[in-house]
Amino acid sequence: MADVDAIVIGAGVVGLACARELALAGQSVLVLEADSAIGTGTSSRNSEVIHAGLYYPVGSLKAKLCVEGRNRLYDYCATHGVQHRRCGKLIVATEDDEIPRLEDLMRKGEANGCRDLRLLSGDEAMALEPALSCVAALLSPSTGIIDSHGYMLALRGDLEEAGGAIAFRAPMIAARPGEDGFTVSAGGADPLDITCSLLVNAGGLHASAVAASIDALPLEAIPQTRYAKGNYFMLSGRAPFSHLIYPAPHAHGLGVHLTMDLGGQARFGPDVEWVENIAYAVDPGRVAGFGDAIRRYWPGVPEDSLIPGYSGIRPKICGPDDPAADFRIDGPGMHGLAGLVNLFGIESPGLTASLAIAREVVDQLLPDRRTTLSA
């Protein structure tokens, strides 16, 4: 008999959502987290935006799980007291040749299930946001912002209430498949071996390294994780906007956009900086590029009003010259190891999609059982 039914590697937002879903499906669950707290990586270093689902290729996992996850996340926030606001956003064209990109984005969003999008003229957009400068805009009313740490605390609370537990400072060292599951070796101050029937790799930035430590997992089933750093600058003073403001998107990101936290603090970012190592210092010298990008849609941004904020790193499974990659949720049908799901490339919209990703993981691991989640 296994020590626990399921082990989840990583206590970021997706790992916590998967662990919660497994626990509510009746499984005994242990989360192994290398750090000393939940959500210290990508989960706490993002824009805290609830995405509507309009950016992603039709039929992709990102599109499907973002739209499903967005709906479930708003319901979850309402029922669990997680602070959030459905503030909406404007994706803006600042030149006429960008308008077709907004039209394409609207068609893609509608095909993905975004039913409330509206294409606005420049005058209509600037009537909503007088400080804005644009020739057209796409309004997404279902976009919002969330207290991501409060959300993760709620997920943790649900997990623990259902009998699950988290072991901190307990990195996974190796996993060995056996007849009835896995023997997982955890490091830290008190190393130990734990047996489980089900194993979920939600290692985020470290997912490829975690996968490489699983014996018998084919090397060709492990993509290379690349690091795309996103830097943020904060605005000193309040921004004169009530909506989030996004430029037209580009290949590897959504551009230097304006978002706000629930207290009204405006921040700009992220940009895209491909890096070899995980390091979060923000280079103040990057401010010039930010200022140029922001002035395209907010010409009145005060001089010297941007200060270095924070950064996050996207776990990309594509390179800088490749098309954007989809989520990979690799179950036994992909790699041949029963009871294992590897999650690769879970970048944006991973926060929005987290509850839907968790359901997909549990459906792959427990195909004969439906979860009892109500959220």
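Our subject is the structure listed above.
All of these numbers come straight from a predicted model, not from anything done at the bench.

Peer 1: Go over the overall build of the chain with me, naming the residues and quoting the values.
Peer 2: Scanning the chain from N- to C-terminus turns up 9 helices and 20 strands. Taken over the C-alpha atoms alone, the chain extends approximately 65 × 40 × 40 Å along its principal axes. Evaluated residue by residue, the chain yields a buried proportion of 57% over its 375 residues. A separation threshold of at least 6 residues defines the contact pool for the chain, and within that pool the share at least 24 residues apart is 72%.

Peer 1: Please give an account of the side chain of Ser-208 that cites residues and values.
Peer 2: Residue position: Ser-208 is located in helix H6 (residues 207-212). The class for Ser-208 is buried, based on a relative accessible area of 11%. Those residues within four positions of Ser-208 in sequence are excluded, and the remaining contacts are Ile-222, Pro-223, Gln-224, Thr-225 and Phe-344.

Peer 1: Could you give an account of the pairing of strand E1 (residues 4-9), with specific residues and numbers?
Peer 2: Within E1, 5 of the 6 residues are buried, which leaves the element mostly enclosed by the surrounding structure. Across 5 bridges, the pairing between E1 and strand E12 (residues 192-201) is parallel. For Val-4, the partnering residue across the bridge sits in E12 and is Cys-196. Sheet topology note: the E1/strand E2 (residues 29-32) ladder contains 4 bridges and is parallel. Looking at the pairing, Val-8 lines up with Val-31 of E2. Note that the unit made of E1, helix H1 (residues 13-24) and E2 has a crossover that is right-handed.

Peer 1: Tell me what's going on with the sheet that holds strand E4 (residues 84-85), and back it up with residues and numbers.
Peer 2: One open sheet accounts for 3 strands, arranged E3-E8-E4; its pairing is antiparallel. A single partner strand is all that each edge strand has here, and the edge strands are strand E3 (49-50) and E4. One ladder, built from 2 bridges, connects E4 with strand E8 (residues 144-146); its direction is antiparallel. Among the inter-strand pairings, Arg-85 is bridged to a residue of E8, identified as Ile-145.

Peer 1: I'd like a rundown of the pairing of strand E16 (residues 266-269), residues and numbers included.
Peer 2: Burial of the side chains of E16 extends over both faces: Ala-266 and Phe-268 are buried on one face and Arg-267 and Gly-269 on the other. Of the strand pairs in this sheet, strand E15 (residues 257-260) and E16 are connected by 4 bridges, and their pairing is antiparallel. Counted as the bridge partner of His-257 is Gly-269 from E16. Connecting E15 to the next strand, E16, in antiparallel fashion are 5 residues, including Gly-264 with a positive phi near 95°.

Peer 1: Tell me about the environment of Ala-248, and name the residues and values.
Peer 2: Along the chain, Ala-248 falls in the loop between strand E14 (244-247) and E15. Given a relative accessible area of 10%, Ala-248 falls into the buried group. Taking the C-alpha atoms as reference, Ala-248 lies 18 Å from Ala-63; in sequence the two are 185 residues apart. Those residues in contact with Ala-248 that sit more than four places away from it in its chain are Ile-91, Val-92 and Arg-101.

Definitions and limits used
- Residues numbered from 1 in each chain as written.
- Predicted model: local features only at pLDDT ≥ 70, side-chain atom pairs only at ≥ 80, totals over all residues.
- Heavy atoms only, no water.
- Helix = DSSP H or I, 4+ residues; strand = E, 2+ residues; numbered from the N terminus.
- Buried < 20%, exposed > 50% of the residue type's maximum accessible area, 1.4 Å probe, protein only.
- Contact = heavy atoms within 4.5 Å.
- Pairing = 2+ DSSP bridges.
- Right-handed = clockwise from strand over helix to strand, strands pointing away.

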